[in-house]
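Here is what each chain is made of, one letter per residue.
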Amino acid sequence: MASKFGLAGGIPERRVRPIWDAIDSRQFKNALKHCTPLLSKYPNSPYALALKALVLERMGKAEEAFSVCLNAKELLYTNDSVLIDDLTLSTLQIVFQRLDHLDMATSCYEYACGKFPTNLDLMMGLFNCYVREYSFVKQQQIAIKMYKIVGEERFLLWAVCSIQLQVLCGNGGEKLLLLAEGLLKKHIASHSLHEPEALIVYISLLEQQSKYGDALELLTGKFGSLIMTEVDRLRLQGRLLARGGDYAAATSIFQKVLELCPDDWECFLHYLGCLLEDDGSLCMGTKNDSTYPLKSMDSHVSHLTDEAFGSRLSNASSLVQKLLTEASDDTVRCPYLANIEIERRKLLHGKGDANKLTQVVIEYFFRFGHLACFASDVETFLHILDLDKKTQLLEKLMECCEPIPTNPRKTLGQHITVFKIQNIVGSMFTLPLNELETTAVKMTQLYCENLPLSKELDAQESMYGEDLLSMACNLLVQLFWRTRHIGYLVESIMILEFGLAVRRHIWQYKILLLHLYSHWNSLPLAYEWYKTLDVKNILLESVSHHILPQMLSSPLWADSTDILRDYLRFMDDHFRESADLTFLAYRHRSYSKVIEFVQFKERLQQSSQYLMAKIETPILQLKQKANNIEEEEGILESLKHGVQFLELSDEIGSKSLTFNEELQLRPWWTPTCDKNYLLEPFEGSSYCTRETLYDQIKQSQAKVVKTIEKRSFLPRMIYLSIQCASSAVKESVEANGVVFDPKLSSEMRLLLDRYANILGFSFQDAVGLAFDISSGLKDSGFYMDHEKHLDVDHIEPDFYLIFSYA
């Protein structure tokens, strides 16, 4: 902030410098002392008032800061002698924004721009306000005004970007894209194009309209030179050709990219997809959902004739051999993986040989089998093999694992890879118990024997062989699943804690411990291990699912409050700061980042976990204050008596919720938050099929949506329960019973009916169940009637309370 010194509002720099220096060094009391003489000399200066408001806000005196800001705003509006400059307004904007009154900062800028309609600094400040408010239409309008004043390309691109956002993230129709295209064409005719990002924006605009031919003409014309890196230009050209349906030309372009960058695996998939005209491989630009692992390489069977298919794959093989011949770097993996993919495509087409596929996998193992990524590299290819071929491949890989005295790290890596492949093919679940025990012991011994290899590593670096203890733990958990001997779980915890005693920063061990202790209902210990993960920033969105569901159903209310508070604080801070990042992207002409930042913000705002946290936080407060009716009513009043959550539940059906959890990090025995194989009988390896996993994830996500809807009823139903109970006390009691407020009763009955339907009950059945459970006639673990089994893992205490009242 100190870089903004100047003559602001008529105040010399030397008088405000001490204040900014004190603010920058967080000496807010000194800053406030310096504000006093400044205001005594300049009592009618909005800038001096804005500085004082900024200091007060930083000191936590929000009400005083807001009052001073309003005084400064009043001076700006009423005193015509006051100088209005961007530094004064930007300082006010900072305070208003931090006090959640950004609309007032926007009104100040709008007033200033109305008074000085050609002042570019003020207009840019107003544009910044609209960016913070995500007012895409107003962004477009003010950007066009700036462009008309100075004719700069950047302001036109600001307008075009705002139009794209209206279509992508707002309610704007695609006809707006024609307007943006017309603006760019007119600008090119009079001014040409000068920035690489301008060309990329124009091409993306044409892609949105499926005008791939026009985009190609633009890229291959004189403006193509704006993209300085040839490979980037070729990748873009190949993508446009493929989307436009010119597969032959796209194939040629992607081949050029591979010759320049032989280790570009994504490019090879695009090349092969275009060569075989496989629509499943041509969805470039659409990111695969990380929730569904291994789905990115799924492809359809080619529609080509056998002759054409064989000829084209022969061409692909020739290219791969050429790349292998020219590759001088032993780290180049793409050509070797390409050979495996080619053999996989042959099998899919019915013309391949499974033995050939296993052979190229073995060749890949000889060169890269020691790498930690080997198993994930070949996992998709293995799923196409039948069980016999998988077993044969595994046996051959074991034979290849011979000690290399000169390179013990490579030997260790190969052994770990074989263990991982055993797990992928499911052979671990077919081994006898004694062999499983022997394998777990072997893994642990191998880890201990190779500890000296890591003695020179930094404490934060990954150790050689650290995966061994994770795999040994998984085997011990499987032994527990099969035998129900609790000692196996104890041993699994012991080896993980031993590993953490050796190296304290291995997050995989901590996640496994977290889930093991959760399974034992030792949530305080599970929470302690979660805290050692030191989860921060966006990881709170993608990683907190490991602990949050268990905590919300536990009596650890204080710890649950801490988790929810930290998560919501990060999310709210991110939503405020994302606008800063967006405007920074505008200022630095990174227009693709503008779209990315806004779409990411939208994705987080639609996060299922974010909605759940917003609902669970006040419910947790209601639980904690249940013994104090006055405080309970105060919480409900702050929630508008639960009405705002009812409105949210009505919107859930129309919302497209996002699920941002990294489920790949979860242990095999609990692939989703509501699934735990250890609570079920042993089922062999059938649990790990891809189709089963996808189905479980989809079912889990559907349950989350229903849970959010269900929980959103609770504050309103609790409020109505209190009101109905109060009415019962106040109203006279007639001979036939208690007189209730009919409006409250009817609303309560309607919500109870909706709540019961979400649980799968009729209203009468729900009331009967609540009565039976409270009377001890039914078990609360599940409910079985004569006709159907309703899968309810646990009936919430709120259920008893509410339906017992009914």
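These figures come from a predicted structure and were not determined experimentally.

Undergrad: Sorry, what's going on with the packing of aromatic side chains here?
TA: We describe a pair of aromatic rings using the distance from one ring centre to the other and the angle between the two ring planes. The tally for this structure, following the rule as stated, stands at 25 aromatic pairs. Look at Y77 and Y111: their rings are 4.5 Å apart centre to centre, the planes differ by 15°, and that puts the pair in the stacked class. A residue pair is termed long-range when its members are at least 10 positions apart, and Y77 in helix α4 (residues 62-78) and Y111 in helix α6 (residues 102-115) qualify at 34 residues. The exposure class assigned to Y77 is partly exposed, which follows from its relative accessible area of 29%. In textbook terms, an aromatic cluster arises when at least three aromatic residues are bridged by ring pairs, as seen for F429, W481, W668, W669, Y677 and F682. Between K601 and the ring centre of Y134, over which it is positioned, the NZ or CZ distance is 3.8 Å. Just above the ring of F763 sits the side chain of R749; from NZ or CZ to the centre is 3.7 Å.

Undergrad: Looking at this structure, how should I read helix α3 (residues 46-58)?
TA: Residue pairs three or four apart in sequence face the same way in an α-helix, which turns once every 3.6 residues. Its 13 residues give α3 an end-to-end C-alpha distance of 18 Å, which sits within 8% of 18 Å, the value for a rise of 1.5 Å per residue. Every buried residue of α3 is listed here: P46, Y47, A48, L49, A50, L51, A53, L54, V55, L56 and E57. Next to the buried residues of α3 lie α1 (13-24), α2 (28-41), α4 and α5 (86-98). Remark: G60 follows α3 within two positions and exhibits a positive phi of approximately 90°.

Undergrad: Can you walk me through unusual backbone geometry in this structure?
TA: Residues apart from glycine generally show negative phi values, whereas peptide bonds are mostly found in trans. One non-glycine residue, S192, lies in the positive phi region at around 70°. Examined against the element boundaries, S192 turns out to sit in the loop between α10 (175-191) and α11 (196-208). Under the relative-accessibility criterion, S192 is labelled partly exposed at 22%. Residue S210 is not a glycine yet carries a positive backbone phi of 60°. On the accessibility criterion, S210 (49% relative accessible area) is partly exposed.

Undergrad: I would appreciate a short explanation of the pattern of salt bridges in the present structure.
TA: Two side chains carrying opposite charge are able to pair once their charged atoms lie near each other. A full pass over the atoms with the stated rule returns 33 salt bridges. Between R589 and E195 there is a salt bridge, with the nearest N and O atoms lying 3.0 Å from each other. Taken together, the positions of R589 in the loop between α29 (557-587) and α30 (591-605) and E195 in the loop between α10 and α11 put the pair 394 residues apart, joining distant regions of the chain. Residue R589 is classed as partly exposed on the basis of its relative accessible area of 33%. Across the pair R235 and D264 runs a salt bridge, and its minimum N-O distance is 2.7 Å. Pair noted here: R235 is in helix α13 (residues 230-243) and D264 is in the loop between α14 (247-260) and α15 (265-275), with a separation of 29 residues, a long-range link. Accessibility expressed as a relative area gives 30% for R235, which makes it partly exposed. Via salt bridges that share partners, D562, R565, D566 and R569 belong to a single interconnected network.

Undergrad: I'm lost on the nonpolar core in this one. Help?
TA: The tendency in soluble globular proteins is for nonpolar side chains to be buried side by side. Judged by nonpolar contacts, the single largest core of 150 residues is most densely connected at F127, W158, F268, I340, I421 and Y586. With 10 residues, the top contributor of residues to this core is helix α9 (residues 153-168). When near neighbours in sequence (up to four residues on either side) are disregarded, F127 contacts Q139, I142, A143, M146, W158, S162, F583 and Y586.

Undergrad: Would you mind going over the packing of α11 against helix α12 (residues 212-220) with me for this structure?
TA: Describing two packed helices takes the angle between their axes plus the distance from one axis to the other. Where α11 meets α12, the axes come as close as 8 Å, and the angle between the chain directions of the two elements is 160°. Considered as vectors, α11 and α12 are oriented roughly antiparallel to each other. You can see that α11 and α12 cross each other, and the crossing is left-handed. Along the contact surface, α11 presents L199, Y202, I203, L206 and E207, while α12 presents Y212, D214, A215, L218 and L219.

Undergrad: Explanation requested: the environment of Q164 in the structure shown.
TA: By secondary structure assignment, the location of Q164 is in helix α9. Its relative accessible area of 4% is what places Q164 among the buried residues. Taking C-alpha positions, Q164 is 9.0 Å from Q208, a pair spaced 44 residues apart along the chain. Excluding residues that lie within four positions of it along the chain, Q164 makes contacts with L177, V201, S204, L205, Q208 and I595.

Rules used throughout
Residues numbered from 1 in each chain as written. Predicted model: local features only at pLDDT ≥ 70, side-chain atom pairs only at ≥ 80, totals over all residues. Heavy atoms only, no water. Phe/Tyr/Trp six-rings, centres within 6.5 Å; stacked < 30°, edge-to-face > 60°. Helix = DSSP H or I, 4+ residues; strand = E, 2+ residues; numbered from the N terminus. Buried < 20%, exposed > 50% of the residue type's maximum accessible area, 1.4 Å probe, protein only. Lys NZ or Arg CZ within 6 Å of the ring centre and 35° of its normal. Expected span 1.5 Å × (residues − 1). Contact = heavy atoms within 4.5 Å. Salt bridge = Lys/Arg side-chain N within 4 Å of Asp/Glu carboxyl O. Core = buried A, V, L, I, M, F, W, Y, C linked by side-chain atoms within 4.5 Å. Axes fitted to C-alpha atoms, helices over the stretch in contact; angles between N-to-C directions. Parallel < 35°, antiparallel > 145°, perpendicular 65-115°, else oblique. Left-handed = near helix turned anticlockwise from the far one by under 90°.

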